[in-house]
Amino acid sequence: MRLRNPNSWMWAEALELLQDAERLQRQFFRIGVADGAPCWEPPVDLYETAGELWLLVALPGVTAQQLEVMLAPGQIVVRGERSLPANSRRAAIHRLEIPYGRFERRISLPEGGFEMIDQRLEHGCLVLTLHRLT
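Residues numbered from 1 in each chain as written. Predicted model: local features only at pLDDT ≥ 70, side-chain atom pairs only at ≥ 80, totals over all residues. Heavy atoms only, no water.

Caption draft 1: Here's a closer look at unusual backbone geometry. For H123, which is not glycine, the phi dihedral falls at a positive 55°. Relative to the elements of secondary structure, H123 occurs in the loop between β8 (114-122) and β9 (125-132). Look at H123 and you get exposed, because its relative accessible area is 77%. (Helix = DSSP H or I, 4+ residues; strand = E, 2+ residues; numbered from the N terminus. Buried < 20%, exposed > 50% of the residue type's maximum accessible area, 1.4 Å probe, protein only.)

Set out below in structure tokens:
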């Protein structure tokens, strides 16, 4: 039976964990293009009941004034811009993992018609409630 060097397998596991973390970060904040300009796409959760849809869009640090939501046939569009904090302009940035700048996300909706009945920012997420039209 061959013994493994503990340093090499621990190093391999550490590298694998780092690669998994980077992959998850890329999945969480995908980079896209809207209107020819680069932007990032926030992650979305979509829940459906018999008569409603709830969407949670992760938008940490985004205010209502920086946000635009449009309901179109078959989809909803969330776009805006996340600005750098004012005090960061004079700071040395050591890590910048949360994306800044323009964002846009187009979310396909299930079949049928919907009307938006609620839109609010809560705990860093945009919460949208849509009512299914009969």
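Caption draft 2: Summary view of the pattern of salt bridges. Within this structure, the stated rule accounts for seven salt bridges. For E68, the salt bridge is made with R79, and the minimal N-O distance between the two is 3.9 Å. Residue E68 is found in strand β5 (residues 67-72), and its partner R79 is found in strand β6 (residues 75-82); the two are separated by 11 residues along the sequence. You can call R79 buried: its relative accessible area is 18%. Among the salt bridges present, the one from E104 reaches R106, with a minimum N-O distance of 2.9 Å. Here the residues in one salt-bridge network are E68, R79, E104 and R106, joined through shared partners. (Salt bridge = Lys/Arg side-chain N within 4 Å of Asp/Glu carboxyl O.)

In short, geometric facts, not functional conclusions.
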